[in-house]
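Chain and residue survey
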Amino acid sequence: MPLEIERKFLLEAFEPPETAVRQHIEQGYIAIKDDGTEVRLRRIGGSCVLGVKRKASGAGAGSPAGSPAGSTVRIEVERELGEEEFTELWPATEGARLVKERYTFDASGVTVYADVYQGELAGLRTVEVEFGSEAEAEAFSAPEWFGAEITGVKAYKNQTLATGGLPKS
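Residues numbered from 1 in each chain as written. Predicted model: local features only at pLDDT ≥ 70, side-chain atom pairs only at ≥ 80, totals over all residues. Heavy atoms only, no water.

1. Focus: the overall build of the protein
Broken down by element type, the protein carries three helices and eight strands. In sequence order, the secondary structure elements of the protein are arranged as β-β-β-β-β-α-β-β-β-α-α. The contacts in the protein between residues at least 6 apart in sequence include a share of 63% that link residues at least 24 apart. Of the accessible surface of the protein, which amounts to about 9000 Å², a share of 50% is contributed by carbon and sulfur atoms. (Helix = DSSP H or I, 4+ residues; strand = E, 2+ residues; numbered from the N terminus. Contact = heavy atoms within 4.5 Å. Areas by Shrake-Rupley, 256 points an atom, 1.4 Å probe, with all protein chains shown as cover.)

Listed below in structure tokens is the structure:
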């Protein structure tokens, strides 16, 4: 099974580098379970995708040293959909959607995914880094321009943002 191993941080300010690849993302959730399992639809660039994520059973300790509690290791399965299939399923995501611009680029020896949220989530900016192993995630030292780490913080999970809006300060 394909694993997603990541760490997530807030961004106070963000100016995308010229080398960044920009993608517009519309994302909606069909199902969200209490254990964190999610079924989502995503239109990213010219592709439509149905995805399922769930916590990886038997994963190691999960959180990188110094990060908030919560596993960074999840199983992620995605399947491409046709536009007609996506359009037919999209109404099922009503009340559980978000829109963001994603900027992908290399920095500090890793590929980063900076998300600039729009609509009701305007003003929120995050950055994620994905890793090949939990050891790589634990060894990663975030650059100074990354803000506070929010790995595993439920209020900043996309499914929570899509259903509950911006976290209350």
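2. Considering the packing of aromatic side chains
Under the counting rule described, the total for this entry stands at nine aromatic pairs. Among the aromatic residues, those joined into a cluster by ring pairs are Phe-9, Phe-14, Tyr-103, Phe-105, Phe-131, Phe-140, Trp-145 and Phe-146. (Phe/Tyr/Trp six-rings, centres within 6.5 Å; stacked < 30°, edge-to-face > 60°.)

3. Considering the sheet that holds strand β3 (residues 38-44)
Within the closed barrel, the eight strands sit side by side as β1-β5-β4-β3-β2-β6-β7-β8. Their pairing is antiparallel. Within the sheet, the average angular offset between the axes of one strand and its neighbour, ignoring direction, is 35°. Here strand β2 (residues 21-32) pairs with β3 via seven bridges, running antiparallel. Paired with Gly-28 across the bridge in β3 is Leu-41. (Pairing = 2+ DSSP bridges. Axes fitted to C-alpha atoms, helices over the stretch in contact; angles between N-to-C directions.)

4. Comments concerning the nonpolar core
The biggest cluster of nonpolar side chains holds 20 residues, and the ones touching the most others in it are Phe-105, Val-112, Val-129, Phe-140 and Phe-146. Listing elements by their share of this core, those giving two or more residues are β1 (3-10), β5 (73-81), β6 (97-107), β7 (110-117) and β8 (125-131). With sequence-adjacent residues up to four places away left out, Phe-140 is seen in contact with Arg-7, Phe-9, Val-110, Val-129, Phe-131 and Phe-146. Among the nonpolar cores identified, the runner-up in size contains eleven residues, and Leu-121, Leu-124, Ile-150 and Tyr-156 belong to it. (Core = buried A, V, L, I, M, F, W, Y, C linked by side-chain atoms within 4.5 Å. Buried < 20%, exposed > 50% of the residue type's maximum accessible area, 1.4 Å probe, protein only.)

5. Here's the deal with the side chain of Lys-8
Within the secondary structure, Lys-8 is located in strand β1. In contact with Lys-8, other than residues within four places in its own chain, are Tyr-117, Thr-126, Val-127, Glu-128, Ala-148, Glu-149, Ile-150, Thr-151, Tyr-156, Lys-157 and Asn-158.

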